[in-house]
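Summary of structural features
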Amino acid sequence: MKRILVIFSHPALQSSKANKQLLQALDGLEGVTLHDLYHQYPDMYIDVKREQALLAEHDLIVFQHPFYWYSCPAIMKEWMDLVLEYGYAYGPEAHALAGKQWLSAITTGGAPESYCSAGYNQRPLLDFLLPFQQTAQLCGMHWLPPFVLHSFHKLKDPAALRRCGQDYRQLIEALRDEQLTQAQLSESAYLRDLLEVLS
Ligand SMILES: Cc1cc2nc3c(=O)[nH]c(=O)nc-3n(C[C@H](O)[C@H](O)[C@H](O)COP(=O)(O)O)c2cc1C
């Protein structure tokens, strides 16, 4: 069973709908450690050694956050700048993160159709995730197809709202229990595409 660390960043959790739903869905899931950065570090002063120790104890690192200005909330960038340091995460002698998996789990305001050449965001969402993908690559980590939840605020049907969380939980469980093959993971653009394999 893989040990999962969810590194969560949301500067205004009290007004969140999408991320709250996703977090609730993970509640009580065995093998999952939730690590809320804004809660842990309200002054943004990140304890690098503590973060590196947490990383060492886990195999799959999930970065869950709302998509902000085509990127992540500020604290996650601060976390990356400080924790993924030379000699630890990258560099000739650095293997601390090698072989671990990176999963970006993001929520967006923009609808799926806005993320294409004809949409107002002009590019596929995956293009905007390239800095994260390349960061994972440089650290020797395996990039997984991202879990993306689009325009949650537009969903009205309570069953559809719940299903988003259930999908997330099911996929995290499948990754934990290694139910998805390497081939399935590398052939899928988005993690949710693999739900049909699991059903
Ligand atoms: C500062 C800020 C920047 C945002 N930038 C984007 C963006 O680049 N692309 C996008 O699709 N949505 C963007 N949004 C919308 C958020 O992604 C969306 O509100 C959030 O994912 C919903 O999750 P929540 O209910 O957990 O807050 C932005 C929102 C804020 C407040």
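Coordinates for the structure precede this section.
These numbers come from a predicted model, not from an experiment.

1. Quick word on the site of the ligand
The local shell around the ligand holds 15 residues, among which S16, K17, F67, T107 and Y115 are the closest. Between the ligand and S16 there is a distance of 2.7 Å, counted from an oxygen atom to a side-chain nitrogen or oxygen. A total of 640 Å² of accessible area belongs to the ligand in isolation, and the protein chains cover 71% of it. Elements that contribute at least two residues to the shell around the ligand include exactly α1 (18-26) and β4 (101-108). Grouping the constituent residues of the shell around the ligand by class yields 7 nonpolar, 7 polar and 1 charged.

2. Focus: helix α4 (residues 74-83)
Residues of α4 that are buried include every one of I75, M76, W79, M80 and V83, and no others. Buried residues of α4, viewed axially, fall in a sector of 145°; they line one side. Structurally, α4 contributes buried residues whose contacts are with β1 (4-8), α2 (37-40), α3 (48-56), β3 (60-66), β4 and α6 (130-138).

3. Overview of the pairing of β4
Counted residue by residue, β4 has 8 buried out of 8 residues, so it is predominantly covered. Residues Q101, L103, A105 and T107 point to one face of β4 and W102, S104, I106 and T108 to the other, with burial holding for every one of them. Note: β3 against β4, 7 bridges, orientation parallel. Across the sheet, residue P66 finds its bridge partner in β4, namely T107. With α4 bridging β3 and the parallel β4, this β-α-β connection has right-handed handedness. Bridge count between β4 and strand β5 (residues 142-143): 2 bridges; the pairing is parallel. Bridged to W102 within β5 is W143.

Quick notes on the rules
Residues numbered from 1 in each chain as written. Predicted model: local features only at pLDDT ≥ 70, side-chain atom pairs only at ≥ 80, totals over all residues. Heavy atoms only, no water. Near = heavy atom within 4 Å. Polar contact = N/O pair within 3.5 Å; in protein donor to acceptor, adjacent residues only side chain to side chain. Areas by Shrake-Rupley, 256 points an atom, 1.4 Å probe, with all protein chains shown as cover. Helix = DSSP H or I, 4+ residues; strand = E, 2+ residues; numbered from the N terminus. Nonpolar A, V, L, I, M, F, W, Y, C, P; charged D, E, K, R; others polar. Buried < 20%, exposed > 50% of the residue type's maximum accessible area, 1.4 Å probe, protein only. Arc of directions from axis to C-beta. Contact = heavy atoms within 4.5 Å. Pairing = 2+ DSSP bridges. Right-handed = clockwise from strand over helix to strand, strands pointing away.

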